[in-house]
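# Structural overview
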Amino acid sequence: MKLRADFVQLYRDVHSWVGIIAGLFLFVAFYAGAVTMFEEPLQSWASAPVVLPPPVSLERTPELLQKALAAHPEARTDYTIAVTPEDAQRGRLTWDGSGGQVHHAPTQVMAAGLDAEGNLVVVPKTPSAAARFVDVLHQQVGLPLPHTPAMILMGIVALLYAIALVSGVIAYLPALVKTLFAVRLGQSVRKRWLDLHNLLGLFSLPFHLVMAISSVVFAFHGQIFALEHLLFSAPVAGQHGGMQGGMQGGRHGGGPGPRPGPGGGRDVQSAVSVTSAAGASAPVVPGLPPVLAPTDILALVTRQAPGFVPEVLNYMQLGHGKDVVRVFGYDARYPTRGPTGGFMVLNSRTGAVQSGEYMPGHQPAKFAILTSFFALHFGSFGGTPVRWGYVVLGLAGAFLFYTGNQLWIVSRRRRERQSGDVVETRGTRLLAALTTGCTTGCVAGISAVFCAVPVLPFGGTYGAVSAVYYSVFCLFVGAAFCLPGQRGIRLLLGAAGVVTACVPLMLCLHGAHLLRTPEGLGVAGMAGLLSAFLFAGAVKHTREI
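Everything in this summary refers to the structure shown in the same document. (Residues numbered from 1 in each chain as written. Predicted model: local features only at pLDDT ≥ 70, side-chain atom pairs only at ≥ 80, totals over all residues. Heavy atoms only, no water.)

## Structural notes on the pattern of salt bridges
Put simply, the rule reads: When a carboxyl oxygen of Asp or Glu lies within 4 Å of a side-chain nitrogen of Lys or Arg, that pair is called a salt bridge. The way it works is that DSSP assigns letters per residue, a run of H or I at least four long becomes a helix, a run of E at least two long becomes a strand, and they are numbered from the N terminus. Note on exposure labels: buried denotes an accessible area under 20% of the residue type's maximum, exposed denotes more than 50%, and partly exposed covers the range between, all computed with a 1.4 Å probe on protein chains only.
Applying the stated rule across the entire model yields six salt bridges. Between aspartate 323 and arginine 349 there is a salt bridge, with its nearest N and O atoms 3.0 Å apart. You can see aspartate 323 sitting in the loop between β5 (309-316) and β6 (324-330) and its partner arginine 349 sitting in the loop between β7 (342-347) and β8 (353-358), a full 26 residues away along the chain. Neither residue differs from the other here; aspartate 323 and arginine 349 are each classed as buried. A salt bridge links glutamate 416 to arginine 412, with the shortest nitrogen-to-oxygen separation between them at 3.4 Å. Of the two residues, glutamate 416 and arginine 412 both sit in helix α14 (residues 383-418), four residues apart, roughly one turn of that helix. Using a relative accessible area of 23% as the deciding quantity, one classes arginine 412 as partly exposed. If you follow the salt bridges from partner to partner, you end up with Arg60, Glu63 and Lys67 in one network.

## Let's talk about the packing of α14 against helix α19 (residues 518-540)
Packed helices, taken two at a time, are described by the angle their axes make and the gap between the axes. For the record, the criterion: Here, axes are lines fitted to C-alpha atoms. For helices the fit covers the stretch in contact, and angles between N-to-C directions go from 0 to 180 degrees. Angles are sorted into four bins: roughly parallel if under 35 degrees, roughly antiparallel if over 145, roughly perpendicular if 65 to 115, and oblique for all others. By convention, the crossing between two helices is left-handed when the near helix turns anticlockwise from the far helix through less than a right angle, and right-handed when the turn is clockwise. When checking whether two residues touch, look at their non-hydrogen atoms; a contact exists if any pair is within 4.5 Å. In this classification, Asp, Glu, Lys and Arg are treated as charged, Ala, Val, Leu, Ile, Met, Phe, Trp, Tyr, Cys and Pro as nonpolar, and every other residue, Gly included, as polar.
Running from amino to carboxyl end, α14 crosses α19 at an angle of 25°, the nearest separation of the two axes being 13 Å. Judged by the angle between their axes, α14 and α19 are roughly parallel. The two elements α14 and α19 cross, and the hand of that crossing is right-handed. Between α14 and α19, the contacting residues are Trp388, Val391, Leu395 and Phe399 on the first element and Gly522, Met526, Leu530 and Phe533 on the second. Across the contact of α14 with α19, the residue classes break down as seven nonpolar, one polar and no charged.

## Side note on the nonpolar core
Note the threshold: For this analysis, a nonpolar core means a set of buried residues of the types Ala, Val, Leu, Ile, Met, Phe, Trp, Tyr and Cys, connected via side-chain atoms within 4.5 Å.
Within the largest apolar cluster, 74 residues are counted, with the highest numbers of intra-cluster contacts made by Tyr31, Ile446, Phe450 and Tyr469. Considering every element that reaches this core, the biggest residue donor is helix α15 (residues 426-452), with eleven residues. The residues contacting tyrosine 31, other than those within four sequence positions of it, are Leu395, Ala398, Cys442, Val443, Ile446 and Leu530. In terms of nonpolar packing, the next biggest core, distinct from the first, is built from 31 residues, Leu64, Ile81, Val291 and Leu292 among them.

Rendered as C-alpha cells:
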C-alpha cells in the first residue's frame, strides 16, 4: 500500500525532530553501553589489588567464618563467599564495610583471610567506581542527576527513541528498497550522511527496537516488577535485593556481593533438606542453629541444577527463621535476565529451596519470555561472540545517532543557503556545536576516566571519576561553541583520538595482567581502533555543504 505524500512528509518530520531531541542522549547511552560490555575486566583492572594471604579452601571456609564473625559480629547479617578462584583471590570472605549505609556507588568492603598460622587477617578494600560510573552513565543517558529523576527522563528519551524508529521505518522504508546498498561516498555530504544513516538504521533495526522497548521497561522497572510478582508469584525473602541489584552494574561492582539479574521463574524443588556434619563446622550464632557450610550448599545446588555454575554465595540473616543464602552463578545453556547470570535462594540453615525464580533454565514460559526480553538487552546469551556483537552494535548505534544529527544539520544549512541566508541561523549553530561537543566529549570523557584510574586513589571513587568525566565533557562542549566550523571539529576529533589512544597505553603500563586475557586485549584493540577512526575523521572532515 502506497502512503499519501503528505503522510510520508509528516512521518519524516516526526522522525527528524524526535530524533534530534533524543539523539545526543542516545549517543551517550549507546557508546557507554558498548563500554559496559567490558565492565567486569575493567572493574578488576581498575580496583587496587587486595593484600591477603592465599585464599583458604572451601573446606576450611567455615573456620574462616567462625573467626571473622566472632571478631566482626556486624558481618553476620550479610556476608559473601567467593566460589571461583579468581574471585577468591580478591577475598574468599567479604562483607559491606560501610556501616549499613545505603550508597548508589561502590563503597568500602572488608575482605578476610587466614595466614599460615591460621590467624585472621582482615583488610579493607574500596572497589574502583570507574566501570560502575560508565554503567550509570549508560543508564541515565549522561544526565548528572539523582538516579530516580534521571531514570524517568531516560524513559521519556526511550519513548521518543521508539517513536523515531517507527516513524523512520514508515517514512523511509519504501525508498530504501531501491537504494539500500548505494552509499554515495563521492557525492555531496548530505547524501553521504543519508546513505550511512539509512544503512546502519535498517540493518540494526531489530536491535534498536529491543533497546528502545527494554529501556522503557528499565525506566519504570519498579512498577513493572511489582505488577509481575503480583501476577506471577508471591515475594520471597532475599529476592528483592537481587531484583534491584540487577539493574545496577557488574557482578562484583558496588558491594560485597555480586550484581544479580532481575528475573523470574519457578522453584527448582518445593523443599530440600540437607543432613550433614555442617553443623559441627559451620559458624554458630548464639540461640540459632548453624548455617550450612559452603560445600554443602554447593553440593545441594549441583544435585538440583546440573549445569548451573555457582560463583558467589551471599548469606543474609533476615530473622524470623528466614535466613537465606543466595547462590549466584550462570548456566551457559540459557539466557538470563541479568548481564552475567542468575541466582537461587535457599534457607541457609535447612537447605530448603526458597525460590528458583531467578534461576536460568528453571523457569516456566511466563517468566522465560520476560527473561529472554532482558537477555536481549544485556546480551547475556550466546557467550563471547554475542557480547562482541553487542559491542559492535552499540558503537554502530552511537554512530547512527551522530549521522542523524549531521544529516539534519547539513540539510538545514542547504535550505538556509537556498533561501538566501548568508549566515546560518542560531538553531543550526547550536545543534552543530552540541553535536560535535557532546559526541567527542563523551568519547574523550570515558577514555579520560580509564586513563586517570592508575593515578586516582583506590582507582577512583565515584565522585572522582564523575568529576573527571564531566570536566572533560564540559571542556569539549565549551570548545565546540568557542571553535565553530571545520577547524573546531578537526581539533575536537583529534583531541578525542589522543585521549582514547592513551587507554591501551595505560593498560600496557599499569594493567599487563589484563592484557593476558581475551577481554583485556579486546579493550585495548577496540580503543586503538576508535582512536584511529577519530584521527581519520579529523583528517578527512570537510565542511558540510
